[in-house]
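Residues per chain are reported as follows:
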Amino acid sequence: MHETLKNFILARSSPDERALAQILSCFSSVKTKRNQILTGRDEVCRHYYFINSGCMRIFTTDKNGNERSRYFAFEGNFVTALPSFIDQLPADEYLQSIEPSELLCITRSDFYSLVENVPAFAKIYTEILELGFIAAQKRIYGFQSFNALEKVRWIIHHQPQVLLRLSNKMAATYLGISPSTLSRIKPRL
């Protein structure tokens, strides 16, 4: 169950055997159902997850109940409702398992203990934050000036799993377009 996480860690840092064992021992296995909410809006997020298999989504809803997906994470990635996880205030978003998923879960206290005491893990955390920030910035600034077709082309190039694994309805909430617009665009590509 920890093999994918172990490979993720070893690809990004060089912990000794003791440090690697310490990191892996902090993660416990969690299986989720399709569409299961792991952190709800107004709940405090207390866990960070590594995805062995499946897909996770972070999304918000407006006053009319319309969903806006902010982030999708697939196998081999970490995910959490980060603002709530860091500041321990109620989340403004939902963390949801889109597919039945196998996750590795670490508590906030164990997570920050590793960040403080295991340099290899601190390095990984920094990389996760930096890459997440860069991806979010590219998406935000690109999407500001893109029309619907350009958004779909961007997703095909940068995050093809969004279109390959998710419904048009769900992908459209990420792209900021209607599902019918996405359906009309896909055959043209």
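Residues numbered from 1 in each chain as written. Predicted model: local features only at pLDDT ≥ 70, side-chain atom pairs only at ≥ 80, totals over all residues. Heavy atoms only, no water.

**As for a negative patch on the surface**
Moving on, step 1. Taken together, the side chains of Asp42, Glu43, Asp87 and Asp92 define an acidic patch exposed on the protein surface.
Moving on, step 2. Overall, Asp92 belongs to the exposed group, its relative accessible area being 56%. (Patch = residues over 30% accessible without salt bridge, like charges linked within 9 Å, V, L, I, M, F, W, Y side chains within 5 Å. Areas by Shrake-Rupley, 256 points an atom, 1.4 Å probe, with all protein chains shown as cover. Salt bridge = Lys/Arg side-chain N within 4 Å of Asp/Glu carboxyl O. Lys, Arg positive; Asp, Glu negative; His and termini not counted. Charge placed at Lys NZ, Arg CZ, Asp CG, Glu CD. Buried < 20%, exposed > 50% of the residue type's maximum accessible area, 1.4 Å probe, protein only.)

**Structural notes on the nonpolar core**
Moving on, step 1. Ranked by internal contacts, the top residues of the largest apolar core, which has 26 residues, are Leu5, Phe27, Phe111 and Phe121.
Moving on, step 2. Broken down by secondary-structure element, the contributors of at least two residues to this core are helix H1 (3-12), helix H2 (17-25), strand E3 (47-53), strand E8 (101-107), helix H4 (108-117) and helix H5 (119-145).
Moving on, step 3. Excluding its chain neighbours within four sequence positions, the residues that come into contact with Leu5 are Leu24, Phe27, Phe50, Asn52, Phe78 and Leu104. (Core = buried A, V, L, I, M, F, W, Y, C linked by side-chain atoms within 4.5 Å. Helix = DSSP H or I, 4+ residues; strand = E, 2+ residues; numbered from the N terminus. Contact = heavy atoms within 4.5 Å.)

**Examining H4**
Note: α-helices contain 3.6 residues per turn, so residues at a spacing of three or four share the same orientation.
Moving on, step 1. Buried within H4 are the following residues: Phe111, Tyr112, Leu114 and Val115. Down the axis of H4, the buried side of the element spans an arc of 155°, and every buried residue falls inside it. Of the exposed residues in H4, the ones pointing more than 90 degrees away from its buried face are Ser109, Glu116 and Asn117.
Moving on, step 2. In the core, the buried residues of H4 are packed alongside H2, E3, helix H3 (82-87), E8 and H5. (Arc of directions from axis to C-beta.)

**A closer look at the packing of aromatic side chains**
Note on aromatic pairs: each is described by the distance of the centres and the angle between the planes.
Moving on, step 1. Following the criterion strictly, the structure yields 17 aromatic pairs and no others.
Moving on, step 2. Their ring planes at 75° and their centres at 5.3 Å tell us that Phe72 and Tyr174 sit as a pair that is edge-to-face. Taken together, the residues span a long stretch of sequence, with Phe72 in strand E5 (residues 67-74) and Tyr174 in helix H8 (residues 168-175) at a distance of 102 residues. An identical accessibility class is assigned to Phe72 and Tyr174; each is buried.
Moving on, step 3. Three or more aromatic residues joined by ring pairs form one cluster here, namely Phe8, Phe27, Tyr48, Phe50, Phe78, Phe85, Phe111, Tyr112, Phe121 and Tyr125. (Phe/Tyr/Trp six-rings, centres within 6.5 Å; stacked < 30°, edge-to-face > 60°.)

**As for the side chain of Glu93**
Moving on, step 1. With respect to the helices and strands, Glu93 occurs in the loop between H3 and strand E7 (94-97).
Moving on, step 2. A polar contact of 3.0 Å, which involves the side chain of Glu93, links it to the side chain of Arg70.
Moving on, step 3. Apart from the residues lying within four places of it in its own chain, the contact partners of Glu93 are Thr39, Gly40, Arg41, Ile58, Phe59, Thr60, Arg70, Ala81, Leu82 and Pro83. (Polar contact = N/O pair within 3.5 Å; in protein donor to acceptor, adjacent residues only side chain to side chain.)

**Some words on the side chain of Arg139**
Moving on, step 1. Tracing the chain through its elements places Arg139 in helix H5.
Moving on, step 2. Although Arg139 lies buried, it forms no salt bridge, and the closest oppositely charged side chain, Glu93, sits 9.9 Å away as judged by the N-O distance.
Moving on, step 3. Within the local environment of Arg139, its side chain forms a polar contact with the backbone oxygen of Arg70, the two atoms lying 3.3 Å apart.
Moving on, step 4. In this structure Arg139 touches Ser69, Arg70, Trp154 and Tyr174, once residues within four positions along its chain are discounted.

**A closer look at the packing of H5 against helix H6 (residues 148-158)**
Moving on, step 1. Close contact between H5 and H6 brings their axes to 9 Å; oriented N to C, the two are set at 155°. If you check the angle between H5 and H6, you find them roughly antiparallel. Taken as a pair, H5 and H6 cross one another with a handedness that is right-handed. Listed contacts from H6 to Lys138, Arg139, Phe143 and Ser145 of H5 are Glu150, Lys151, Trp154 and Ile155. (Axes fitted to C-alpha atoms, helices over the stretch in contact; angles between N-to-C directions. Parallel < 35°, antiparallel > 145°, perpendicular 65-115°, else oblique. Left-handed = near helix turned anticlockwise from the far one by under 90°.)

**Concerning the UniProt feature "domain: Cyclic nucleotide-binding" (unreviewed entry) in the chain**
Moving on, step 1. The positions that UniProt labels "domain: Cyclic nucleotide-binding" (unreviewed entry) are, in the present scheme, residues 11-130.
Moving on, step 2. Between the end C-alpha atoms of residues 11-130 there is a gap of 16 Å, over a span that is 32% helix and 37% strand. (UniProt positions renumbered as here; feature names shortened; annotations may be inferred.)

**Structural notes on the layout of surface pockets**
Moving on, step 1. Computed from the structure, the largest pocket encloses a volume of approximately 960 Å³.
Moving on, step 2. If you trace the largest pocket, you find 34 residues lining it, with Tyr71, Ile128, Leu131, Gly132 and Ala135 closest to the centre.
Moving on, step 3. Among the residues forming the lining of the largest pocket, the class breakdown is 23 nonpolar, six polar and five charged.
Moving on, step 4. Quantified by volume, the second largest pocket comes out at close to 170 Å³.
Moving on, step 5. Looking at the lining of the second largest pocket, the elements with two or more residues in it are E5 and H8. (1 Å grid on protein atoms, 1.4 Å probe; cavity = no way out; pocket = protein on both sides within 12 Å on 5 of 7 lines; lining within 4 Å. Points joined across faces, edges and corners; volume = space filled by probe spheres on them. Nonpolar A, V, L, I, M, F, W, Y, C, P; charged D, E, K, R; others polar.)

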